[in-house]
Amino acid sequence: MDYSKLKQIAAEKAVEEVKDGMIVGLGTGSTAKFATIKIAKKIKDGHLKNIYGIPTSKKTEELAAGLGIPLLSLNQLFKLRTKNFERRTLNVEPRTLNVERTNLIDITIDGADEVDSDLNLIKGGGGALLREKVIAQNTKRLLIVVDKTKLSGRLGEKFFVPVEVLQFALESEINFLESLDAVTNIRKGDDGGFFVTDEGNYIIDANFGKIENPAELNSLLNERAGIVEHGIFLNELVDSVYCSSNDGVEILGVS
């Protein structure tokens with residue numbers, strides 16, 4: 001079985017978790033694309049009703065809109081859901097209210113470039129890591145869809161870490177990443193110039209080799225002002241990983 005078919009099988013299996021009335025985060029990349037296509041088909045066939053999608057990139061937004069999936073931006077979702085939520089929960093203890101209000105997306109289905117044995121991820125090969133992480137942080141259940149080739153013992157064995165940086169700070173952040181022993185490359189676009197993200201930033205692809213402590217590297221990158229976001233997604237964000245092989249789809253859960 002070819003890898004494209006394996007990606008499709010994993011994505012379509014995850015779509016089985018989508019139910020009527022849900023707000024669904026729509027991932028970016030070759031695997032997540034299959035999930036978006038399947039959701040659109042189920043809506044068209046009448047098997048899913050009252051679904052709204054929240055795209056993680058302009059590319060996914062264009063795909064989903066073309067397929068007829070009703071869409072909301074994250075800002076629109078918060079304005080609509082928060083207003084309705086507050087009317088229904090006037091007597092809820094404030095801490096509970098705040099927690100529930102930050103998880104307005106029911107399910108997000110997205111891909112990953114690498115998944116380690118602890119279900120930490122590297123994402124961002126498609127250049128949408130910033131919006132993908134924002135959506136993940138606002139999601140009740142993040143479902144990751146991959147084929148078996150994306151699994152590794154440690155992050156960095158198979159993929160570099162995409163690091164989104166301010167254009168203003170490009171050279172500074174290259175220097176910083178190289179001080180952490182990363183081999184760096186500025187990502188290029190199809191036109192040969194620097195790749196520009198949906199938010200107008202550049203991406204440095206940083207090869208750290210095997211990452212012994214993803215949480216520590218995550219913290220170091222988070223503390224750097226010129227780094228807007230990076231592609232390390234710790235397993236605390238992940239609910240399940242749907243991994244396909246010739247033997248079918250295995251659902252890996254974070255313990």
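Let me sum up the structure you'll find in this document. (Residues numbered from 1 in each chain as written. Predicted model: local features only at pLDDT ≥ 70, side-chain atom pairs only at ≥ 80, totals over all residues. Heavy atoms only, no water.)

## Considering the overall build of the protein
- If you tally the helices and strands in the protein, you get eight helices and 13 strands.
- Reported as C-alpha extents along the three principal axes, the dimensions of the protein are approximately 50 × 50 × 40 Å.
- By the burial criterion, 48% of the 255 residues in the protein qualify as buried.
- Restricting the contact set of the protein to residue pairs at least 6 apart, pairs at least 24 apart contribute 74%.
- Total accessible area computed for the protein in this model is approximately 12800 Å², and 47% of it derives from carbon and sulfur atoms.
- The positive charge centre, built from 32 side chains, and the negative charge centre, built from 38, are 8 Å apart in the protein. (Helix = DSSP H or I, 4+ residues; strand = E, 2+ residues; numbered from the N terminus. Buried < 20%, exposed > 50% of the residue type's maximum accessible area, 1.4 Å probe, protein only. Contact = heavy atoms within 4.5 Å. Areas by Shrake-Rupley, 256 points an atom, 1.4 Å probe, with all protein chains shown as cover. Lys, Arg positive; Asp, Glu negative; His and termini not counted. Charge placed at Lys NZ, Arg CZ, Asp CG, Glu CD.)

## Thoughts on the packing of aromatic side chains
- All chains considered together, the criterion is met by two aromatic pairs.
- The interplanar angle of 80° and the centroid separation of 5.1 Å between the aromatic rings of Phe194 and Tyr202 together place this pair among those described as edge-to-face.
- Residue Phe194 is classed as partly exposed on the basis of its relative accessible area, which comes to 35%.
- Over the ring of Phe233 we find Lys123; its NZ or CZ atom is 5.5 Å from the centre of that ring.
- Residue placement shows Lys133 over the ring face of Phe233; its charged tip is 4.7 Å from the ring centre. (Phe/Tyr/Trp six-rings, centres within 6.5 Å; stacked < 30°, edge-to-face > 60°. Lys NZ or Arg CZ within 6 Å of the ring centre and 35° of its normal.)

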